[in-house]
Amino acid sequence: MTSFSEELVAISEQGAAAVLATVVEVAGESRVEAGAKCLVRDGKVAAENIGDPAAVEAILRESAARLSAEKSQLVSLDLPSGKLEVFFEVMPEPPKLIVVGAGHIAVPLVQIAKVLDFHVIVIDDRLLFANRERFPDADEVLVGDMARVLKEMTLTPACYIVLITRGHSYDEPCLREIIHSQAKYIGMIGSRRRIKACFQRFRDEDKVAEEVIERVYAPIGLDIGTETPAEIALAILGEVIKVRRGGKAASLSDR
Amino acid sequence: MAGLGSCYEGGDGEGKKKDSIYHQVKEFLDKGETLAVATIVSVKGSTPREVGAKMVVTAWGEILGTIGGGCGEADVKREAIEAIRTRKPRTVRIDLLDDISSDSPAVCGGIMNIFIDPWWPERDQEAGSAR
């Protein structure tokens, strides 16, 4: 038999999405004890000592909502046997930053992204750029045709993709591979003129719907007056965090 | 994960996290110890840490992690040792409003509710009906 702590350690090491529900308070006739737990992984109960099937069902339902909101929260569950105050601890899949193009912006981008606790993957087709010496902090450095590497990847809503290759002719085929993916963020570098032309080709030749094109953040990054590669990297990650956490990116003092 | 025509460039790859709070919890449980996990379950106003922040307290009052530095941590530690002794969980309300006039650096101004949950090996093994 397994234990809660064993399951929790496995979840942390495998980077799985999970919710640990702990009963904090019990009112009414319910025989559930404070401190009882239900660990939900992949939408299923991985471990529980709640002992009340109706409560477990309610917890399972609420867990899905908490996980999609990525927010830990105390929730009151009204059950026939009484009211339970349950704390839902959300352990979302760790966010993944996929950096396509290992040029001069990628270097500070990877460094800052690691400080922000992203799992960072760098892709380039040139070993001279995509290597461990250049990216000692990256979790994965992949060398290969960039569009093809992206095509082979499983892209989940925990993925944030930054297209910063050395040229437009590389960004565009990459974007074509990922534009319909589940990735939460897709950003592409480039001038407004080139981006406009690219989007027009997507509309005309690939019949990509307008709302799909609108998902793409291009030109990439927040407007903070960047000048250096590191500042551009910060502007890109500022935008990524804004999308992840749902911020507005205005100065707090301007409210 | 890398596709056709790509190769993997060195490194240990999947940077496994071995430092989660549950790694520490498991380590203590494996030694047969009882410990308490204190979690911020709700807040009101300005608090040093967010809902979900955790701190582990051992039976000797050793602390791992933080729920906000000086803000109420001593109270939580005392209650945690009591929870470990009685093996009964409890919720503690920490009112940081009182601190404003003090010269403590931990001036926050909010209220936080902290659930203190004792863990011991037998309880941890009750993982039950995995389905």
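Residues numbered from 1 in each chain as written. Chains lettered and ligands numbered in written order. Predicted model: local features only at pLDDT ≥ 70, side-chain atom pairs only at ≥ 80, totals over all residues. Heavy atoms only, no water.

Trainee: Tell me about the overall build of chain B, and please be specific about residues and values.
Mentor: Counting secondary structure elements, chain B contains three helices and six strands. Ordering the α and β elements of chain B from the N terminus gives β-α-β-β-β-α-β-β-α. Evaluated residue by residue, chain B yields a buried proportion of 44% over its 131 residues. Relative to all contacts within chain B whose residues are 6 or more apart in sequence, the contacts with residues 24 or more apart total 52%. Just so you have it, chain B exposes about 6,800 Å², and 51% of that area is on carbon and sulfur atoms. (Helix = DSSP H or I, 4+ residues; strand = E, 2+ residues; numbered from the N terminus. Buried < 20%, exposed > 50% of the residue type's maximum accessible area, 1.4 Å probe, protein only. Contact = heavy atoms within 4.5 Å. Areas by Shrake-Rupley, 256 points an atom, 1.4 Å probe, with all protein chains shown as cover.)

Trainee: Give me the lowdown on the sheet that holds strand β6 (residues 111-119) of chain B, citing residues and values where you can.
Mentor: Residues and elements named next belong to chain B. Here five strands make up an open sheet; going across it, the order is β4-β3-β2-β6-β5 and the pairing antiparallel. With partners counted over all chains shown, the strands left at the sheet margins are β4 (63-65) and β5 (90-95), one partner each. Strand-to-strand, the axes of this sheet are offset by a mean angle of 25°, without reference to chain direction. Note: strand β2 (residues 35-44) against strand β3 (residues 54-58), five bridges, orientation antiparallel. Bridged to Val37 within β3 is Val56. Contacting β2, β3, β4 and β6, helix α1 (residues 21-30) crosses the sheet at an angle of about 15° to β3. Along the sheet face, helix α2 (residues 73-86) touches β2, β3, β4, β5 and β6 and points at about 55° away from the line of β3. (Pairing = 2+ DSSP bridges. Axes fitted to C-alpha atoms, helices over the stretch in contact; angles between N-to-C directions.)

Trainee: Tell me what's going on with the domain arrangement of chain A, and back it up with residues and numbers.
Mentor: A common measure of how large an interface is: the accessible area buried when the components associate. Each assigned domain of chain A is listed here: domain 1 (16-91) and domain 2 (96-245). Each of domain 1 of chain A and domain 2 of chain A was reduced to a C-alpha centroid, and the two centroids are 37 Å apart. (Domains from an automatic or database assignment.)

Trainee: Can you explain α2(B)? Please cite residues and give values.
Mentor: Residue and element names in this part refer to chain B. Under the 1.5 Å per step criterion, the end-to-end length of α2 is 20 Å for 14 residues, consistent within 8% with the ideal 20 Å. All of the buried residues in α2 are Glu73, Val76, Ala80, Ala83 and Ile84. The buried residues of α2 occupy an angular sector of 95° when the element is viewed end-on, so they sit on one face. Summarising the geometry of α2, the exposed residues directed more than 90 degrees from the buried face are Ala74, Arg78 and Arg85. Residue Arg87 follows α2 closely and has a positive phi angle near 55°. (Expected span 1.5 Å × (residues − 1). Arc of directions from axis to C-beta.)

Trainee: Let's hear about the pairing of strand β3 (residues 44-48) of chain A: which residues, and what values?
Mentor: The buried count for β3(A) comes to four of five residues, which makes it a mostly enclosed element. Taking the residues between adjacent antiparallel strands as the criterion, strand β2 (residues 37-41) of chain A and β3(A) are bridged by two residues, where Asp42(A) takes a positive phi near 55°.

Trainee: Please give an account of empty space enclosed by the protein that cites residues and values.
Mentor: Summed over all chains, the structure comprises three cavities of 30 Å³ or more. Here the largest cavity defines a volume of roughly 110 Å³. Forming the walls of the largest cavity are 14 residues, and the residues nearest its centre are Thr22(A), Thr39(B), Lys54(B), Phe115(B) and Asp117(B). Tallied by class, the residues present in the lining of the largest cavity amount to eight nonpolar, two polar and four charged. Space inside the second largest cavity adds up to approximately 50 Å³. Of all the elements in the fold, those that place two or more residues in the lining of the second largest cavity are β6 and α3 (121-124) of chain B. Of the residues contributing to the lining of the second largest cavity, the split by class is four nonpolar, two polar and three charged. (1 Å grid on protein atoms, 1.4 Å probe; cavity = no way out; pocket = protein on both sides within 12 Å on 5 of 7 lines; lining within 4 Å. Points joined across faces, edges and corners; volume = space filled by probe spheres on them. Nonpolar A, V, L, I, M, F, W, Y, C, P; charged D, E, K, R; others polar.)

Trainee: Can you explain the side chain of Thr47(B)? Please cite residues and give values.
Mentor: With respect to the helices and strands, Thr47(B) occurs in the loop between β2 and β3. At 3.1 Å, the side chain of Thr47(B) and the backbone oxygen of Arg49(B) are in polar contact. (Polar contact = N/O pair within 3.5 Å; in protein donor to acceptor, adjacent residues only side chain to side chain.)

Trainee: Summarise unusual backbone geometry; cite the residues concerned and give the values.
Mentor: In this structure, the amide linkage connecting Ala218(A) to the following residue, Pro219(A), adopts the cis form with an omega of -5°. Within the secondary structure layout, Pro219(A) lies in the loop between β11 (216-217) and α8 (229-245). With phi around 70°, Asp117(A) is a residue other than glycine that occupies positive phi space. Mapping Asp117(A) onto the fold places it in the loop between α3 (106-115) and β7 (119-124). Notably, Arg87(B) is not glycine yet its phi reads approximately 55°, a positive angle. Considering the arrangement of structural elements, one finds Arg87(B) in the loop between α2 and β5.

Trainee: Go over the sheet that holds β3(A) with me, naming the residues and quoting the values.
Mentor: Residues and elements named next belong to chain A. A sheet is described by the order of its strands in space; here five strands give the open sequence β3-β2-β1-β5-β4, paired in antiparallel fashion. In this open sheet, the two edge strands, each paired with only one partner strand, are β3 and β4 (73-79). The mean inter-strand angle of the sheet, taken between neighbouring strand axes irrespective of direction, is 30°. Of the pairings in the sheet, the one linking β4 to strand β5 (residues 82-91) comprises seven bridges and is antiparallel in character. Pairing of Asp78 across the sheet is with Lys83, part of β5. On top of the sheet, helix α2 (residues 53-69) reaches β1 (18-27), β2, β3, β4 and β5; it is set at about 145° to β4, its chief contact.

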